[in-house]
Amino acid sequence: MDWLRKSAALLAIAAVLGGLSVAFNPAARAVLLDAPRDHEITVAQAQALGAAALWIDARSRADFEAGHVDGALLLNEDAWSELLIPVIERWQPGMPVVVYCDSHGCQASRKIAERLRAEAGVDTAKVLRGEWSKVGAR
Amino acid sequence: MKMLKPAIRLVLTALFVWAAVAKIADPRAFQDAIASYHLLPWLPGAVATVWLPWLELTLAIALWQPRFSRTSAAMLAMLCAVFLVALVQAWLRGIDITCGCFGDSSVVSGADYLPYLARDAGLVALAVVLWRLEKNAAPVETDAASYNPLVH
Amino acid sequence: MLPRRLLAAMLFAAIASSACLAGLKWDNPEVLLDLDSSMAGGEAVFTFVNDGAAPVKILNIKPGCGCTVPTLEKSEYAPGEHGSLSARFTTGERRGSYQVPIHVQLGDGDVAELSLVAQIRELVKYFPANLVWPKGEKRAPKDVEFHWNATDDVKVTALRSVNPSFKAELIDGHDWNGALVRLTPTGDEVTGTSVVIITTAQGPDRRSRTYTLVARAL
């Protein structure tokens, strides 16, 4: 069973190296520590929703106009009241809503999703985990 | 024929070192790619994200270590077979994925799958050939019953 | 072989030196802005000194939010020179706590990470924000109470229902400091949604601050 011992050794070496990378690389650590929370959705899950989902861009107007998910609506806290109107006109109860901003560390999408749920009754609003650019962009 | 073994070793090493480094450089992108296959729940996916690239790197380097080369070739063949099965199941289910194999983040759907399936099948074949060549090369591994210290 | 203590000290120095914001020494890498909804925004000032031996150039400043705009007097600082970076935060329609990272790219390749923390106290409280008339329910009026402290200078200046099928009006005669908004679908058969925008003037500058209600008749 020498091959079994050697296989186990190689697997163990890789596990130790992986453990060291978690200890010293913040990006690797974030992968293990950053468990999905309530009201979050991965890029893969969001893509699977297809045209059924309403996409909300939580960034500034300048960033939105530079490029955004195809069909997304802009909604940010610079002009919440006016920007909310087309969102409410489009949303129907039960329609999934995906809110995104620039990166994993971005707070804006979280705030917008919370306000949509708490103030606007959009109980399906979730925050995108991952890069929005991986979804079909315009 | 003499050059075949080192040539295959070189190709597999280069490919798997490249694949490993690309994944280690951007763990989040690799995690998203694993999630796109809709196979693993979050925690096993996260563990695979941090462990798999180092396994690829370890196996690629172990190909050049006489004591481990055959085992490493066999493990690479199995690893590629697992990747192939993951690709096939995503293709059959009609899922759009991000391959994540070499750090690429392009979406794979429909007919786009074919080159990826061919590539993985080719890698399985290469690793199996290398394993066979290593097996036939020298009787390094012996079990206790047939071990003869005078011959060793 | 160097003594172990000396080795440990060298290692500690190496780690400590790599941990500081190299080149520029920041007096206050995190600034807290205490605001309320009547304020248009606030300014955070980050001061620093070049405590290195070479001039330091600030190449780029990238705040993590469009709500924060940085300004710098100049981009290059000689050794020993003091400077400051201002970051103007705009309240907009925000409320609660916001942590805005500010990445400062330096000429030697280092990045300084600053942090602006804004706490925005909302002067106006209202409930509910979201009104629903379920299917089959009579389209009776529903009221929303707005409350603010007597000492806070707040006045409702405009009321608008985007969908004319929902009437929005200010009702007098309430016994608290604030306002009462009544929403009424205009007919028993009304279905659809409306966003109702309540505009207020707040504070000594009469800053305009809006609030939204969402009305939904199923």
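Residues numbered from 1 in each chain as written. Chains lettered and ligands numbered in written order. Predicted model: local features only at pLDDT ≥ 70, side-chain atom pairs only at ≥ 80, totals over all residues. Heavy atoms only, no water.

Draft legend 1. Focus on the overall build of chain B. A tally of regular secondary structure across chain B gives 5 helices and 2 strands. Ordered by position from the N terminus, the helices and strands of chain B form the series α-α-α-α-β-β-α. Taking all 152 residues of chain B together, the buried fraction comes to 45%. Expressed as a percentage of contacts within chain B between residues at least 6 apart in sequence, the contacts between residues at least 24 apart total 66%. Accessible area of chain B: about 7,900 Å², with a carbon and sulfur share of 72%. (Helix = DSSP H or I, 4+ residues; strand = E, 2+ residues; numbered from the N terminus. Buried < 20%, exposed > 50% of the residue type's maximum accessible area, 1.4 Å probe, protein only. Contact = heavy atoms within 4.5 Å. Areas by Shrake-Rupley, 256 points an atom, 1.4 Å probe, with all protein chains shown as cover.)

Draft legend 2. The arrangement of the environment of C:Lys57 in detail. All names here are of chain C. Along the chain, the position of lysine 57 falls in strand β4 (residues 56-63). With 21 residues separating them along the chain, lysine 57 and alanine 78 place their C-alpha atoms 8.9 Å apart. Among residues more than four places away in sequence, those in contact with lysine 57 are Ser75, Glu76, Gln105, Leu106 and Gly107.

Draft legend 3. Region of the structure containing the environment of C:Cys65. All names here are of chain C. Relative to the helices and strands, cysteine 65 is located in the loop between β4 and β5 (68-72). Overall, the relative accessible area of 21% leaves cysteine 65 in the partly exposed class. Placed 33 residues apart in sequence, cysteine 65 and tyrosine 98 show a C-alpha to C-alpha distance of 9.8 Å. Among all residues touching cysteine 65, those that are not within four sequence positions of it are Arg94 and Val100.

Draft legend 4. Region of the structure containing the pattern of salt bridges. Per the stated rule, a full pass over the model turns up 23 salt bridges over all chains. Here A:Arg5 ties to A:Asp2 by a salt bridge, and the two come within 3.1 Å at their closest N and O atoms. Placement of the pair is A:Arg5 and A:Asp2 together in helix α1 (residues 2-24), with a separation of 3 residues, close to one helical turn. Given the relative accessible area of 22%, A:Asp2 is considered partly exposed. For C:Lys167, the salt bridge is made with C:Glu169, and the minimal N-O distance between the two is 3.9 Å. On the basis of relative accessibility, which here comes to 28%, the residue C:Glu169 falls in the partly exposed class. (Salt bridge = Lys/Arg side-chain N within 4 Å of Asp/Glu carboxyl O.)

Draft legend 5. Representation of the interface of chain C and chain A. Each partner contributes residues to the interface: chain C has 23 residues there, and chain A has 19 residues. Across the chain C to chain A interface the summed buried area is about 1,800 Å²; carbon plus sulfur atoms make up 47%. Inspection of the chain C/chain A interface yields 3 salt bridges. C:Arg95 is the salt-bridge partner of A:Glu119, the closest N and O atoms lying 2.5 Å from each other. Our count for the contact surface shared by chain C and chain A stands at 13 residue pairs in polar contact (both at pLDDT 80 or more). It is strand β17 (residues 207-217) of chain C that provides the largest number of residues to the side of chain C that touches chain A, a total of 5 residues. (Buried area = accessible area lost by both parts, 1.4 Å probe. Polar contact = N/O pair within 3.5 Å; in protein donor to acceptor, adjacent residues only side chain to side chain.)

Draft legend 6. Local environment of the pairing of strand β12 (residues 142-147) of chain C. Residue and element names in this part refer to chain C. Across 3 bridges, the pairing between strand β10 (residues 125-127) and β12 is antiparallel. Within the sheet, the bridge partner assigned to lysine 125 lies in β12 and is histidine 147. Across 6 bridges, the pairing between β12 and strand β15 (residues 178-185) is antiparallel. Looking at the pairing, lysine 142 lines up with leucine 183 of β15. (Pairing = 2+ DSSP bridges.)

Draft legend 7. Representation of the nonpolar core. Counting 40 residues, the largest nonpolar core has A:Trp55, A:Ile56, A:Leu75, A:Leu84, A:Val97, A:Leu116 and A:Leu128 as its most contacted members. Contributing elements (two or more residues each) for this core: α3 (43-49), β2 (54-57), β3 (73-74), α5 (80-90), β4 (97-100), α6 (108-119) and β5 (125-129) of chain A together with β16 (192-202) of chain C. The dominant element in this core, judged by the number of residues it contributes, is α5(A), at 6 residues. Excluding its chain neighbours within four sequence positions, the residues that come into contact with A:Ile56 are A:Leu73, A:Leu75, A:Val87, A:Val97, A:Val98, A:Val99, A:Tyr100 and A:Ile112. Formed by 29 residues, the second largest nonpolar core is a distinct cluster that contains A:Ala14, B:Leu55, B:Phe68 and B:Ala127. (Core = buried A, V, L, I, M, F, W, Y, C linked by side-chain atoms within 4.5 Å.)

Draft legend 8. Spatial organisation of the sheet that holds strand β8 (residues 96-106) of chain C. All names here are of chain C. Read from one edge of the open sheet, 5 strands run β2-β9-β8-β4-β6, paired in mixed fashion. Edge positions in the sheet fall to β2 (30-36) and β6 (76-77), since each of these pairs with one other strand and no more. By the bridge criterion, 10 bridges tie β8 to strand β9 (residues 111-121) in an arrangement that is antiparallel. Bridge pairing links valine 100 to leucine 116 in β9.

Draft legend 9. A look at the packing of helix α3 (residues 42-62) of chain B against helix α4 (residues 69-92) of chain B. Residues and elements named next belong to chain B. For the pair α3 and α4, the least separation of the axes is 8 Å and the interaxial angle reads 145 degrees. With respect to the hand of their crossing, α3 and α4 are arranged in left-handed fashion. Between α3, through Leu52, Leu55, Glu56, Leu59 and Ala62, and α4, the contact on the second element is made entirely by Ser69, Ser72, Met75, Leu76, Leu79 and Phe83. Residue composition of the contact of α3 with α4, by class: 8 nonpolar, 2 polar and 1 charged. (Axes fitted to C-alpha atoms, helices over the stretch in contact; angles between N-to-C directions. Left-handed = near helix turned anticlockwise from the far one by under 90°. Nonpolar A, V, L, I, M, F, W, Y, C, P; charged D, E, K, R; others polar.)

Draft legend 10. Main features of a nonpolar patch on the surface. Residues and elements named next belong to chain B. On the surface, a cluster of nonpolar side chains totalling about 380 Å² of accessible area is made up of Val88, Trp91, Leu92 and Leu114. In terms of residue count, the dominant contributor to the nonpolar patch is α4 (3 residues). Mapped onto the fold, leucine 92 is located in helix α4. (Patch = residues over 30% accessible without salt bridge, like charges linked within 9 Å, V, L, I, M, F, W, Y side chains within 5 Å.)

Draft legend 11. Looking closely at the interface of chain A and chain B. Counting residues at the interface gives 32 residues for chain A and 28 residues for chain B. Carbon and sulfur atoms supply 71% of the area buried between chain A and chain B, which totals about 2,600 Å² over both sides. Counting across the chain A and chain B interface gives 0 salt bridges. For the interface between chain A and chain B, the tally reads 4 residue pairs in polar contact (both at pLDDT 80 or more). Put simply, the parts of the chain that give the side of chain A that touches chain B at least two residues each are α1, α2 (26-33) and α3 of chain A. In terms of residues, the side of chain A that touches chain B owes the most to one element, α1(A), which gives 14 residues. For the side of chain A that touches chain B, the residue count by class is 18 nonpolar, 8 polar and 6 charged.

Draft legend 12. Seen up close, the side chain of C:Ser84. Residue and element names in this part refer to chain C. Mapped onto the secondary structure, serine 84 falls in strand β7 (residues 82-90). Take serine 84: its relative accessible area is 15%, and that puts it in the buried class. Within the structure, serine 84 has its side chain in polar contact with the side chain of glutamate 73 (distance 3.5 Å). The contact partners of serine 84, leaving out residues within four places of it in the chain, are Val45, Phe46, Thr47, Phe48, Leu72, Glu73 and Tyr77.

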